[in-house]
Amino acid sequence: MKVALLFPPQWYPSQPYLSLPTLKAHLESKGHEVDQFDFNIESYEIFLSKEYLEHCVEVIQERLSRPAYTTEEQEVKAVYRDILSDKNFLNSILGEVEDAKNVLRDEERFFQFDTYKKAYTTLKVAMKLISYAHHPSRLDLDSFFMLGNPEESLSGILAATADSVRNPFIYLYENYLVEKADWNDYGLVGISIIHSGQVIPGLTLARLLRKRFPHLHIVIGGSVFNRHADLLDNKQALFKDFFHSVIVSEGEKPLEELVNHLKTGQALATVPNLIYMDDERVVHNTKAEALPYDQLVCPTFDQLPLEKYLMPYPVLPYMSSRGCYWGKCTFCTHSFIYDSYYRKENETRVAEEIDYLSKKYKTKYFTFSDEAISPNAFNRMSKEILKKGVEMRSLGMLKFESGDKESPELFEDVHRAGFLMLFFGLESANDRILSIIDKGCDQATEKSVLKNSSDAGIWNHLYLFFGFPTEEREEAEDTIRFTVENSETGTGHIHSVGQSIFALEKDSAIYHNPGKFKVDRIIHDPDRDMAIVFDFDIKAGMPREEVMDVYEHFDSVIEETFPSRKIWNYLSREHFLLYLDRFGKEEILNMAHSASVEP
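Residues numbered from 1 in each chain as written. Predicted model: local features only at pLDDT ≥ 70, side-chain atom pairs only at ≥ 80, totals over all residues. Heavy atoms only, no water.

**Concerning helix α20 (residues 473–485)**
Move 1: With 13 residues, α20 ought to run about 18 Å at 1.5 Å a step, and its terminal C-alpha atoms sit 18 Å apart, in line with that.
Move 2: Looking at α20, one finds that the buried residues are Glu-475, Ala-476, Thr-479, Ile-480, Phe-482 and Thr-483. For α20, the buried positions fall inside an angular range of 160° around the axis, keeping them on one side.
Move 3: Tucked inside the fold, the buried residues of α20 contact β15 (419–427), α18 (431–437), α19 (443–455), β16 (459–466), β17 (496–501) and α22 (544–561). (Helix = DSSP H or I, 4+ residues; strand = E, 2+ residues; numbered from the N terminus. Expected span 1.5 Å × (residues − 1). Buried < 20%, exposed > 50% of the residue type's maximum accessible area, 1.4 Å probe, protein only. Arc of directions from axis to C-beta. Contact = heavy atoms within 4.5 Å.)

This is how it looks when you write it as structure tokens:
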């Protein structure tokens with residue numbers, strides 16, 4: 001019995017996601033025949049084509065001919081008329097989209113920033129045209145949204161996956177992607193859904209395959225349904241219309257057992273980590289501990305169309321650990337997803353596998369997907385990479401520990417090993433907020449570690465958010481001041497920043513103990529029966545309107561204090577990694593001052 005593993009839209013088009021290559025490698029090591037399909041990158045290949053955009057123009061023309069019953073429909077019809085009347089705009093997008101796509105794959109043109117920027121803008125506008133054809137849905141180069149967030153409820157999922165007007169993926173699957181394989185060759189199809197923007201596209205695919213090919217066993221995996229596990233007991237419709245089972249937590253061993261059981265016709269009751277329906281009752285099988293790292297195998301990217309990703313060279317994801325070695329941050333859900341079970345690979349084997357993958361797929365570019373790499377692991381891994389002479393360029397994520405553990409010497413080795421860019425979860429630079437987040441550090445630590453990293457030649461990118469429960473305005477201003485003082489126009493130890501607003505997520509420490517954080521009420525809306533992000537009431541700290549004001553103010557602060565935003569704001573992290581390798585940190589900072597680069 002052959003297995004097909006599918007990664008659905010909508011995700012970044014820069015590189016493969018790691019789940020399918022990891023699962024394929026494991027199953028093949030156990031003697032199973034497995035094919036993997038990245039329908040995400042295949043969808044971009046279709047969306048960003050003259051043929052598909054011409055189809056979108058026809059859809060817009062057809063929608064314009066219909067009666068308008070609401071104010072919203074009347075307003076969007078005015079936009080439709082503007083689009084159709086602007087022949088120069090349409091001819092430009094239709095005529096340039098294919099070449100714009102190829103610019104991002106062409107080594108020479110990719111590194112000409114003005115050419116890159118024009119191509120990137122063309123692709124963004126093309127996605128906007130697709131969005132108008134499926135109004136009020138919105139597609140971008142990394143996301144998909146439908147009005148009302150239908151992925152947050154069973155009724156929304158049932159409606160959205162059958163809505164051929166607002167859901168572009170029905171047409172995409174029926175006319176393009178389903179024909180990519182002969183589904184009669186397979187007995188099991190696994191679909192990985194790893195974030196909310198994939199729920200409707202992923203379940204649309206599952207529903208279509210379930211209806212057309214009843215012999216298939218369809219299983220869903222990934223972090224979203226892992227967090228939905230306790231919500232599925234009264235969601236029998238999902239098991240009837242979309243999939244047969246769900247695997248929670250890490251999938252290697254459960255998927256292997258599921259394949260074995262289906263091959264031999266055994267009952268599913270002994271497949272670990274499996275949720276399925278038996279005679280109208282949703283059954284949760286016993287969970288098993290994930291495999292130790294020495295039983296995991298190196299991922300395989302065979303069968304993935306590496307030439308189709310919007311990159312001049314392949315950039316491969318890799319993980320040297322699973323879970324988070326810290327695992328205490330009170331807003332975070334990653335430890336829940338990994339059952340709070342942290343383990344890591346032997347650093348010698350990491351260097352060997354990076355070398356193997358680099359030579360096999362002819363690339364030196366990697367992104368480490370670890371939740372956070374510990375200082376000790378970074379130290380040993382860098383030394384092994386240097387010792388073996390592995391040519392690698394990569395980025396990684398880490399948390400602030402201390403200036404002693406994350407020393408100048410450590411970062412010098414990390415940089416020499418090929419880590420050009422590091423992502424830090426700053427979250428806040430206020431000591432009280434850091435304490436209740438349980439980050440295990442303070443502002444002084446953040447400052448010393450960023451200096452050590454920057455001095456070693458590494459590009460530091462910070463993640464931070466505003467609006468953590470009880471945060472006051474002056475505490476948010478601490479974070480802003482810290483960022484400004486260490487920005488490009490300050491000490492220069494922070495090179496780029498990504499900000500967001502705090503979201504209270506299901507299965508975080510705050511969710512399970514709201515009173516400890518002075519959250520008065522988590523709002524459970526019965527119409528959002530599959531939500532994983534919640535509104536909440538709190539009397540302490542900034543009201544939501546003030547949080548938004550701080551967020552918007554900080555956006556203008558970033559614009560003023562990070563001139564190089566004119567460069568990195570256009571580049572995905574994988575694209576930016578290539579730019580760092582080609583030009584170096586200092587030259588990128590200088591590029592922002594070029595007269596040809598506009599804000």
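**Re unusual backbone geometry**
Most of the time, phi is negative for any residue but glycine, and the peptide bond is trans.
Move 1: Here the amide bond leading from Pro-9 into Gln-10 is cis, since omega sits at 10°, within 30 degrees of zero.
Move 2: Within the secondary structure, Gln-10 sits in the loop between β1 (2–7) and α1 (19–29).
Move 3: Of note, the bond from His-135 into Pro-136 is cis; its omega dihedral lies within 30 degrees of zero at 5°.
Move 4: Within the secondary structure, Pro-136 is located in the loop between α7 (113–133) and β3 (138–139).
Move 5: Of note, the phi angle at Gln-303 is positive, near 80°, even though the residue is not glycine.
Move 6: Considering the arrangement of structural elements, one finds Gln-303 in the loop between β9 (281–284) and β10 (315–318).
Move 7: Residue classification places Gln-303 among the partly exposed residues on the basis of a relative accessible area of 43%.
Move 8: Residue Asp-507 is not a glycine yet carries a positive backbone phi of 80°.
Move 9: Among the secondary structure elements, Asp-507 is positioned in the loop between β18 (504–505) and α21 (509–512).

**Here we look at the sheet that holds β16**
Hydrogen bonds along the backbone pair up the strands of a sheet, which may run parallel or antiparallel.
Move 1: If you walk across this open sheet you meet the six strands as β10-β13-β14-β15-β16-β17, and the pairing is parallel. What marks the edges here is a single partner per strand, and that holds for β10 and β17. Pairwise comparison of adjacent strand axes, ignoring direction, gives a mean angle of 20° for this sheet.
Move 2: Relative to strand β13 (residues 365–368), β10 runs parallel, the two being bridged by four bridges. Bridge pairing in β13 links Leu-316 to Phe-366.
Move 3: The strands touched by helix α16 (residues 375–387) within the sheet are β13, β14 (393–398) and β15, with β15 carrying the most contacts at an inclination of about 170°. (Pairing = 2+ DSSP bridges. Axes fitted to C-alpha atoms, helices over the stretch in contact; angles between N-to-C directions.)

**Notes on the nonpolar core**
Move 1: With 162 residues, the main nonpolar core has Trp-183, Phe-225 and Phe-243 as its most contacted residues.
Move 2: If you tally residues by element for this core, the top one is α7, at ten residues.
Move 3: In this view, Phe-243 contacts Leu-203, Arg-210, Ile-218, Ile-220, Phe-225 and Leu-238; residues no more than four positions away in its chain are not counted.
Move 4: Of all hydrophobic cores here, the second largest spans 20 residues; its members include Val-3, Leu-23, Leu-27 and Leu-188. (Core = buried A, V, L, I, M, F, W, Y, C linked by side-chain atoms within 4.5 Å.)

**A closer look at the packing of helix α2 (residues 39–47) against helix α9 (residues 168–177)**
Move 1: With their axes 11 Å apart at the nearest point, α2 and α9 run at an angle of 90° to one another. Considering the angle they form, α2 stands roughly perpendicular to α9. Residue-level contacts link Phe-39, Glu-42, Ser-43, Ile-46 and Phe-47 of α2 to Pro-168, Phe-169, Leu-172, Tyr-173, Tyr-176 and Leu-177 of α9.
Move 2: Tallied by class, residues from the contact of α2 with α9 come to nine nonpolar, one polar and one charged. (Parallel < 35°, antiparallel > 145°, perpendicular 65-115°, else oblique. Nonpolar A, V, L, I, M, F, W, Y, C, P; charged D, E, K, R; others polar.)

**Topic: the pairing of β15**
Move 1: With nine of nine residues buried, β15 lies mostly within the body of the structure.
Move 2: Two elements, β14 and β15, share five bridges in a ladder whose sense is parallel. Within β15, the position partnered with Met-397 by the bridge is Phe-423.
Move 3: Sheet topology places β15 next to β16; six bridges connect them, and they run parallel. Note on β16: the bridge partner recorded for Met-421 is Trp-459.

**So, the environment of Ile-437**
Move 1: Of note, Ile-437 is situated in helix α18.
Move 2: By relative accessible area, Ile-437 is classed as buried at 0%.
Move 3: Along the chain, Ile-437 and Gly-221 lie 216 residues apart, while their C-alpha atoms are 29 Å from each other.
Move 4: Here Ile-437 is in contact with Lys-328, Cys-329, Thr-330, Phe-331, Glu-427, Phe-465 and Phe-468, once residues within four sequence places are set aside.

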